[in-house]
Amino acid sequence: MGASINLDSTPGGLDAGTQFNGSIDLSPGETMTFTGDLTHTDSFFSTSGDLGTYSFGDPGPGSFTSTNPSTGEFTFTMTYQEWVDAGSPANLSFAWSSTYDNTFGPASGSFDLSVTCFLAGSLIATPDGERAVETLQAGDLVLTADGRSVPVKWLGRQTVPTLLTASAKYEPVRIEKDALGQGVPHSDLTLTADHGMMVDGHVITAGALVNGTTIRFLSLEEVELDFTVYHVETEDHDVILANGAPAETFIDYVGRQGFDNYAEYLDLYGAERIIPEMPSPRISAQRLVPEATKARLGIAAVTGAEIDRLSA
């Protein structure tokens, strides 16, 4: 498994019959092919919905072939190697337009990849003791940080591509034992940089907590090839205990389509739902971490350079 590429389920301009809602697995040596049909929806001037000559912007890796410039039919292809050579970008964006002066303007859409989860082996607190995150199933009970037992609605599973990839954005964060406080976590915890931890009353992403010593990025050489990460979804945006440290449950800032087992979610619930965010402030940039928290955790300003490389 390489990239799990997800197309926005309702990109403007795609005919309803060609809108894609799901994931495309792109593995080493493979080529992804997506076909579609663009349309204008200006009913005042068009009965067919397709007018003008269409053109495409530069998508970065991959290429468009316009199979019918007057109706907007196209094919987009991208090889795994093209994606890797482009630095394994977390977001692929492309745009299309037409010479027809449509009331609603040019259409656009995007391919999105997203990763924000626990690594396998993370221990999640349950009423019956700790369990490895990968063993949880829908219906199992987990403990929240305030002592409630809540059922797992879904365990999202996603493969992170590392083979032939040097992109720092996929480097997970290792929070060592006692790094956040005495017994917090009670053993080393590894999770993705975008996963939120509850620290000093704030939800702070793991990447923003990096201090270079007790909280650090793991290079891709330190993790297994194409490792798997997991995210626990409960009814609300909760705080659960992972290796004894308070960590957020799934919040739908990104769609569930990027997970390997998205079809399982649809089988369970039929459609995605919106999860209200907990009221605690969320911090995703190290410069916004409160100074008292920086001092307590030994976060120096110089580590900001490490954070910056994730967006390079």
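Above this text you will find the structure in question.
Along each chain, the written sequence defines residue order, and numbers are assigned to residues from 1. The predicted nature of this model means local features are confined to residues of pLDDT at least 70 and side-chain atom pairs, given and counted, to a pLDDT of 80 or more, with totals for whole chains, interfaces and linings taken over all residues. Side-chain measures were taken over the full set of non-hydrogen atoms in the model, leaving aside hydrogen atoms and water.

Asks: Quick rundown of the overall build of the protein? Include the residues and the values.
Replies: Strands here mean DSSP runs of E at least two residues long; helices mean DSSP runs of H or I at least four residues long; both are numbered from the N terminus. Scanning the protein from N- to C-terminus turns up four helices and 23 strands. Here the protein holds 312 residues, and 48% of them are scored as buried. Contacts between residues were defined by any pair of non-hydrogen atoms, one from each residue, lying within 4.5 Å. The long-range share in the protein, meaning contacts at least 24 apart out of those at least 6 apart in sequence, stands at 63%. Using a 1.4 Å probe, the Shrake-Rupley method yields the accessible areas, and only the shown protein chains count as cover for residues. With the model as given, the accessible surface of the protein reaches about 13700 Å², and the carbon-plus-sulfur share is 52%. To sort residues, take the accessible area from a 1.4 Å probe on protein chains only and compare it with the maximum for the residue type: under 20% means buried, over 50% means exposed, and anything in between is partly exposed.

Asks: Which residues make up the side chain of Lys153, and what values do they have?
Replies: The residue Lys153 is located in the loop between strand 13 (149-151) and strand 14 (154-159) in this model. With a relative accessible area of 15%, Lys153 lands in the buried category. Once residues lying within four places of it in the same chain are set aside, the contact partners of Lys153 are Ala138, Glu233, Thr234, Glu235, Leu268, Tyr269 and Arg273.

Asks: Residues and numbers for the pattern of salt bridges, please.
Replies: Each reported salt bridge corresponds to a side-chain nitrogen of Lys or Arg within 4 Å of a carboxyl oxygen of Asp or Glu. Across all of its chains, the model carries 12 salt bridges by this definition. A salt bridge links Glu235 to Lys153; the nearest nitrogen and oxygen atoms lie 3.5 Å apart. Within this pair, whereas Glu235 is found in the loop between strand 20 (228-233) and strand 21 (239-242), its partner Lys153 is found in the loop between strand 13 and strand 14, the two being separated by 82 residues in sequence. Where Arg273 meets Glu235, a salt bridge forms, and the shortest distance between an N and an O atom there is 3.7 Å. Remark: Glu235 occurs in the loop between strand 20 and strand 21 and Arg273 occurs in the loop between helix 2 (262-269) and strand 23 (282-283); sequence separation between them is 38 residues. Beyond isolated ion pairs, a larger network of salt bridges with shared partners links Lys153, Glu233, Glu235, Arg256, Glu272 and Arg273.

Asks: Which residues make up the nonpolar core, and what are the values?
Replies: The biggest cluster of nonpolar side chains holds 34 residues, and the ones touching the most others in it are Leu180, Met197 and Leu209. Those elements giving two or more residues to this core turn out to be strand 15 (173-175), strand 16 (189-191), strand 17 (196-199), strand 19 (215-217), strand 20, strand 21 and strand 22 (245-248). Sequence-distant contacts of Leu180, that is, excluding residues within four places in its chain, are made with Ile175, Pro185, Met197, Val199, Leu209, Ile215, Ala245, Arg296 and Leu297. Core analysis: the next-biggest nonpolar cluster, separate from the first, contains 15 residues, Trp154, Phe227, Val229 and Tyr265 among them. Throughout this description, the term nonpolar core refers to a set of buried Ala, Val, Leu, Ile, Met, Phe, Trp, Tyr and Cys residues connected via side-chain atoms within 4.5 Å.

Asks: Any chance you could break down the side chain of His237 for me, citing the residues and the numbers?
Replies: Note on placement: His237 falls in the loop between strand 20 and strand 21. On the accessibility criterion, His237 (6% relative accessible area) is buried. Any pair of N or O atoms that falls within 3.5 Å is considered a polar contact. Within protein, one atom must be able to donate a hydrogen and the other to accept it, and sequence-neighbouring residues count only if both atoms are side-chain atoms. At a separation of 2.8 Å, a polar atom in the side chain of His237 contacts the side chain of Glu248. Within the structure, His237 has its side chain in polar contact with the backbone nitrogen of Met278 (distance 3.1 Å). Every residue in contact with His237, bar those within four places of it in the chain, is listed here: Glu248, Thr249, Phe250, Ile251, Ile275, Pro276, Glu277, Met278 and Arg282.

Asks: Explain the pairing of strand 17 to me, using residue names and the numbers behind them.
Replies: Relative to strand 18 (residues 202-205), strand 17 runs antiparallel, the two being bridged by four bridges. Among the inter-strand pairings, Met197 is bridged to a residue of strand 18, identified as Ile204. What makes two strands pair is DSSP finding at least two bridges between them.

Asks: Explain the packing of aromatic side chains to me, using residue names and the numbers behind them.
Replies: Any two of the Phe, Tyr and Trp rings considered here, Trp counted by its six-membered ring, make a pair once their centres fall within 6.5 Å; the pair's planes then place it as stacked at under 30 degrees, edge-to-face at over 60, or tilted in between. For the structure on display, the rule yields four aromatic pairs. Centre to centre, the rings of Trp154 and Phe259 are 5.5 Å apart; their planes meet at 80°, and the pair counts as edge-to-face. In this pair, Trp154 is assigned in strand 14 and Phe259 in the loop between strand 22 and helix 2, connecting sequence segments 105 residues apart. A residue is classified by how much of its surface remains accessible, and Trp154, at 1% relative accessible area, is buried. Residue Phe259 is classed as buried on the basis of its relative accessible area, which comes to 4%. On the numbers, 5.1 Å between centres and 55° between planes, the contact of Tyr265 with Tyr269 is tilted. Of this pair, Tyr265 and Tyr269 are both found in helix 2, four residues apart, which corresponds to roughly one turn of the helix. A residue is classified by how much of its surface remains accessible, and Tyr269, at 32% relative accessible area, is partly exposed. Taken together, Trp154, Phe250, Phe259, Tyr265 and Tyr269 form an aromatic cluster joined through their ring pairs.

Asks: Go over the environment of Ser219 with me, naming the residues and quoting the values.
Replies: By secondary structure assignment, the location of Ser219 is in the loop between strand 19 and strand 20. Put simply, Ser219 and Glu171 are 48 residues apart on the chain and 5.6 Å apart in space, counted from C-alpha to C-alpha.

Asks: Residue-level account of the pairing of strand 21, with values.
Replies: Two strands pair when backbone bridges link them, and strand 21 and strand 22 are joined in this way by four bridges, in the antiparallel orientation. Note on strand 22: the bridge partner recorded for Ile240 is Ala247. Here strand 21 hands over to strand 22 after two residues, with Asn243 in that stretch at a positive phi of 55°.

Asks: Summarise the environment of Cys117; cite the residues concerned and give the values.
Replies: With respect to the helices, strands and loops of the structure, Cys117 is situated in the loop between strand 8 (108-112) and strand 9 (118-119). Between the alpha carbons of Cys117 and Pro172 there is a distance of 9.4 Å; along the sequence they are 55 residues apart. Non-local contacts of Cys117, meaning those with residues more than four positions away in its chain, are made with Leu191, Thr192, His195, Val229, Tyr230, His231 and Phe259.

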